[in-house]
Amino acid sequence: MDETERQSEERAWGTAKTLAEALPYIQVYDRETVVIKYGGHAMGEEAVARQFAADVVLLKLMGVNPVVVHGGGPQISAMLDKAGVRSNFVDGLRVTDADTMQVAEMVLSGAVNKEIAHWISVAGKEADVRGVGLSGKDAGLLTVEKTRRTKRDPDSLIEHEVDLGFVGEPTKVDPKLVVRLIESDADWVPVIAPIGVAEDGRTYNVNADTVAGAMAGSLKAKRMLLLTDVAGVKGKDGQIIRQMTVADAEALIVDGTATGGMIPKLQTAIAAVREGVEAVVILDGRRPHAMLVELFTEHGAGTLVKA
């Protein structure tokens with residue numbers, strides 16, 4: 001046996017050992033729903049997106065019911081830059097006027113949503129696993145209301161309302177369509193864009209983390225994975241916190257340790273756990289197979305938030 005054959009055989013035995021070690025974890029998640037929020041700058045890289053899609057297909061074939069909720073902030077920003085429109089953010093949320101809303105819906109429900117669904121279908125072609133692109137506007141999936149935010153003036157210390165425009169908060173999730181797709185004999189993977197509709201019929205952009213949390217709560221998901229472009233939640237010492245409670249997460253927001261886009265992520269995790277999700281994990285979606293490491297090994301990845 002030459003060196004190449006020996007290395008190939010070692011890899012084969014290593015793969016078998018890894019699969020055997022994963023058995024207890026595979027059984028834990030068998031036929032359980034896992035809501036995956038996919039976002040961050042990694043979404044713009046085709047190789048990373050295709051690897052993500054392949055991992056989603058693997059989850060489906062291992063008996064997990066993955067539901068993908070995606071963001072698209074960098075893609076929206078790129079499109080707005082082309083149009084010469086500057087974005088403003090308040091607590092990590094994009095201020096969205098009527099023109100920005102049109103661009104956001106076009107990017108999220110159009111290009112980004114269909115690309116993710118397409119890559120899942122490509123990765124699952126041999127086993128006939130298919131991505132199904134949806135938005136919160138489909139089948140009354142996501143009802144929202146206008147987001148209200150206040151900000152304190154640093155000089156007068158007076159609170160005043162900040163108008164975020166067409167930015168919404170979920171008030172109701174009707175998951176019937178998603179449940180039908182999950183329970184179908186066919187291997188469908190729902191892929192959901194974070195666009196919702198208010199009672200008056202107006203369309204709103206919704207933070208994808210918040211949509212994922214609301215969806216996970218309505219589906220009573222076993223896990224919610226927040227895939228983003230950071231390795232997890234950092235403490236005051238700059239180190240990643242591997243596990244925390246809801247109370248710990250609230251404290252990080254109150255004392256200012258959590259800032260910017262991490263605030264809605266932690267708020268989402270807190271709300272999802274309180275709605276019945278067993279745990280939420282914030283992890284780096286740029287790392288290959290991060291979801292598999294989190295679900296099927298003893299090591300885990302990122303920061304886990306539980307009750």
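These lines cover the structure that appears in this document, whether it is placed above or below. (Residues numbered from 1 in each chain as written. Predicted model: local features only at pLDDT ≥ 70, side-chain atom pairs only at ≥ 80, totals over all residues. Heavy atoms only, no water.)

Some remarks on the environment of His70
Within the element layout of this structure, His70 appears in strand E2 (residues 65-70). His70 sits 212 residues away from Ile282 along the chain, and the two C-alpha atoms are 14 Å apart. Residue contacts for His70: discarding those within four places in its chain leaves Tyr38, Met43, Leu108, Val112, Asn113, Ile116, Val191, Ile192, Ala193, Pro194 and Ala208. A distance of 3.1 Å separates a polar atom in the side chain of His70 from a polar atom in the side chain of Asn113. (Helix = DSSP H or I, 4+ residues; strand = E, 2+ residues; numbered from the N terminus. Contact = heavy atoms within 4.5 Å. Polar contact = N/O pair within 3.5 Å; in protein donor to acceptor, adjacent residues only side chain to side chain.)

Concerning helix H5 (residues 176-183)
Within the span of H5, buried status applies to Val178, Leu181 and Ile182. Viewed end-on, H5 has its buried residues packed into an arc of 100°, placing them on one side of the element. Looking at H5, the residues exposed on the side facing more than 90 degrees away from the buried face are Lys176, Arg180 and Glu183. Structurally, H5 contributes buried residues whose contacts are with strand E1 (33-38), helix H2 (46-61), E2, strand E5 (129-135), strand E10 (187-193) and helix H6 (208-219). (Buried < 20%, exposed > 50% of the residue type's maximum accessible area, 1.4 Å probe, protein only. Arc of directions from axis to C-beta.)

Some points on the sheet that holds strand E11 (residues 195-198)
If you trace the four strands once around the closed barrel, you get E6-E9-E12-E11, paired in mixed fashion. Direction aside, the axes of adjacent strands within the sheet are offset by 60° on average. Bridge analysis of strand E6 (residues 142-146) against E11 gives two bridges, and the strand direction is parallel. Across the sheet, the residue bridging to Thr143 is Val197, located in E11. Relative to the sheet, helix H4 (residues 98-123) contacts E11 and strand E12 (203-206), its axis offset from that of E12 by approximately 65°. Here H6 sits on the sheet and contacts E6, strand E9 (167-173) and E12; the angle it forms with E9, its principal contact strand, is near 5°. (Pairing = 2+ DSSP bridges. Axes fitted to C-alpha atoms, helices over the stretch in contact; angles between N-to-C directions.)

Concerning the packing of H2 against H4
With their axes 8 Å apart at the nearest point, H2 and H4 run at an angle of 60° to one another. In terms of orientation, H2 and H4 fall into the oblique class. Where H2 crosses over H4, the handedness of that crossing is right-handed. On H4, the residues touching Glu46, Ala49, Arg50, Phe52, Ala53, Ala54, Val56 and Val57 of H2 are Ile116, Trp119, Ile120, Val122 and Ala123. Among the residues making up the contact of H2 with H4, the classes are represented as 11 nonpolar, no polar and two charged. (Parallel < 35°, antiparallel > 145°, perpendicular 65-115°, else oblique. Left-handed = near helix turned anticlockwise from the far one by under 90°. Nonpolar A, V, L, I, M, F, W, Y, C, P; charged D, E, K, R; others polar.)

Remarks on the environment of Asp237
Looking at where Asp237 falls in the secondary structure, it is placed in the loop between strand E13 (223-228) and strand E14 (243-245). Residues Asp237 and Lys137, spaced 100 residues apart in sequence, show a C-alpha to C-alpha distance of 42 Å. At 2.9 Å, the side chain of Asp237 forms a polar contact with the backbone nitrogen of Gln239.

Examining the packing of aromatic side chains
Within a pair of aromatic rings, the relevant descriptors are the distance that separates the centres and the angle that separates the planes. On inspection of all chains with the given rule, the structure shows three aromatic pairs. Ring centres of Phe166 and Tyr204 lie 5.6 Å apart, and the angle between their planes is 50°; on these two criteria the pair is classed as tilted. Of the two residues, Phe166 is situated in the loop between strand E8 (159-162) and E9 and Tyr204 in strand E12; the sequence distance between them amounts to 38 residues. (Phe/Tyr/Trp six-rings, centres within 6.5 Å; stacked < 30°, edge-to-face > 60°.)

Some thoughts on the pairing of E1
Counting buried positions over the six residues of E1 gives six, a clear majority of the element. Of the two faces of E1, the one carrying Thr33, Val35 and Lys37 and the one carrying Val34, Ile36 and Tyr38 are both buried. One ladder, built from six bridges, connects E1 with E2; its direction is parallel. Each bridged residue has a counterpart across the sheet, and for Tyr38 the counterpart in E2 is His70.

Topic: the nonpolar core
In this structure, Ile36, Phe52, Ile120, Leu225 and Phe296 are the most contacted members of the largest nonpolar core, which totals 45 residues. Sort the elements by how many residues they give to this core and H4 lands first, with 10 residues. Membership of the second largest hydrophobic core comes to 41 residues, among which are Leu142, Leu219, Leu266 and Val273. (Core = buried A, V, L, I, M, F, W, Y, C linked by side-chain atoms within 4.5 Å.)

Examining the packing of helix H3 (residues 73-82) against H4
Any two packed helices are characterised by the angle at which their axes cross and by the distance between the axes. At a closest axis distance of 9 Å, the pairing of H3 and H4 adopts a crossing angle of 130°. With respect to their mutual orientation, H3 and H4 come out oblique. Pair H3 / H4 crosses with right-handed handedness. The residues of H4 that touch H3, namely those facing Gln75, Ile76, Met79 and Leu80, are Thr100, Val103, Ala104, Met106, Val107, Leu108 and Val112. Split into classes, the residues belonging to the contact of H3 with H4 amount to nine nonpolar, two polar and no charged.

Some points on the environment of Met291
Looking at the element boundaries, Met291 is found in helix H9 (residues 290-296). Judged by its relative accessible area of 2%, Met291 falls in the buried class. Sequence-wise, Met291 and Leu226 are 65 residues apart; in three dimensions their C-alpha atoms are separated by 9.7 Å. Once residues lying within four places of it in the same chain are set aside, the contact partners of Met291 are Ile36, Phe52, Asp55, Val56, Leu59, Leu225, Leu227 and Leu283.

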